[in-house]
Amino acid sequence: MSLTSRYHMHKQEAELTDPAAIEAVLRAGRFATLALCRDGEPYVVTMNYGFEPAHAGATLYFHCANAGLKLDIIRANPRACGTVVEDRGYQMGKCSHSYRSVVFWGDVAVVEDTEAKRHALEVMIGHLEDDPDGVRRRVLADPRRLAGVTILRLTITGLTGKAGQ
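Residues numbered from 1 in each chain as written. Predicted model: local features only at pLDDT ≥ 70, side-chain atom pairs only at ≥ 80, totals over all residues. Heavy atoms only, no water.

Take the overall build of the protein next. Secondary structure summary: the protein contains six helices and eight strands in total. Listing every helix and strand of the protein by position from the N terminus yields α-β-α-β-β-β-β-α-β-β-α-α-α-β. Taken over 165 residues, the protein has a buried fraction of 38%. A fraction of 69% describes how many contacts in the protein between residues 6 or more apart in sequence connect residues 24 or more apart. (Helix = DSSP H or I, 4+ residues; strand = E, 2+ residues; numbered from the N terminus. Buried < 20%, exposed > 50% of the residue type's maximum accessible area, 1.4 Å probe, protein only. Contact = heavy atoms within 4.5 Å.)

In structure tokens:
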């Protein structure tokens, strides 16, 4: 039984149930915070990402250095949970904050194949850049750039969304 099936949202009126609204938060976001765990020790890291919707399941791509704690933890335990928050601003005088957020669960894998890495970087550049063409030409044309970065693929296995006013 997954976490999402064991719990319900306490403020059900705040739950985002429309898949298009949840996807809109993932499309608009620039940073995701990932919660990872190894040997009972938690680790949280915030990274920029690229979102790719898919018929069989959505994917988030991340890039990082070729070595480090994050990779060590993922290799030991690929399960992750994360969140993307769309900040719509503090509501002055109401002691409230307007936002939409998505919590996601999934498995993280290191992308080894060069063409799959290129695809992931194309997705990230398209997601993050206002004018992606120049960046694509500069980054993807240089094989050293592909070799010098590690790409992580998180296949989403569960999602919840929430909106607050």
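When pLDDT is averaged across the protein, the result is 86; 87% of the residues are at 70 or more. Confidence scores differ between elements of the protein, with helix α1 (residues 3-6) showing the lowest mean pLDDT of 50 and strand β2 (residues 31-38) the highest of 97. (pLDDT = per-residue confidence, 0-100.)

For the rest of this paragraph, the subject is the pattern of salt bridges. Counting across every chain of the model gives five salt bridges. A salt bridge links R100 to E86, with the shortest nitrogen-to-oxygen separation between them at 2.6 Å. Remark: E86 occurs in strand β6 (residues 79-91) and R100 occurs in strand β7 (residues 96-111); sequence separation between them is 14 residues. R136 is the salt-bridge partner of D133, the closest N and O atoms lying 3.7 Å from each other. With D133 and R136 both in helix α5 (residues 132-140) and three residues apart, this pair spans about one turn of that helix. Classification of D133 by relative accessible area gives partly exposed; the value is 44%. R136 gets classed as partly exposed once you look at its relative accessible area, which sits at 25%. (Salt bridge = Lys/Arg side-chain N within 4 Å of Asp/Glu carboxyl O.)

So, on to the environment of S98. Examined against the element boundaries, S98 turns out to sit in strand β7. Among the residues examined, S98 registers a relative accessible area of 5% and is labelled buried. The sequence separation of S98 and G164 amounts to 66 residues, and the corresponding C-alpha distance is 5.1 Å.

Ranked by internal contacts, the top residues of the largest apolar core, which has 28 residues, are L60, F62, F104, L152 and L154. For this core, the secondary structure elements donating two or more residues are α2 (19-28), β2, β3 (41-48), β5 (59-64), α3 (69-76), β6, β7 and β8 (150-164). Beyond its immediate sequence surroundings of up to four residues, L60 is in contact with Y49, G50, F51, F104, L152, R153, L154 and I156. Grouped together as the second largest cluster of nonpolar side chains are 13 residues, V123, I125, L140 and I151 included. (Core = buried A, V, L, I, M, F, W, Y, C linked by side-chain atoms within 4.5 Å.)

The next thing to look at is helix α4 (residues 114-128). Between its first and last C-alpha, α4 extends 21 Å over 15 residues, near the 21 Å set by a 1.5 Å rise per residue. Taking the backbone nitrogen of E115 as reference, a side-chain oxygen 3.1 Å away marks D113 as the first, capping residue of α4. (Expected span 1.5 Å × (residues − 1). Polar contact = N/O pair within 3.5 Å; in protein donor to acceptor, adjacent residues only side chain to side chain.)

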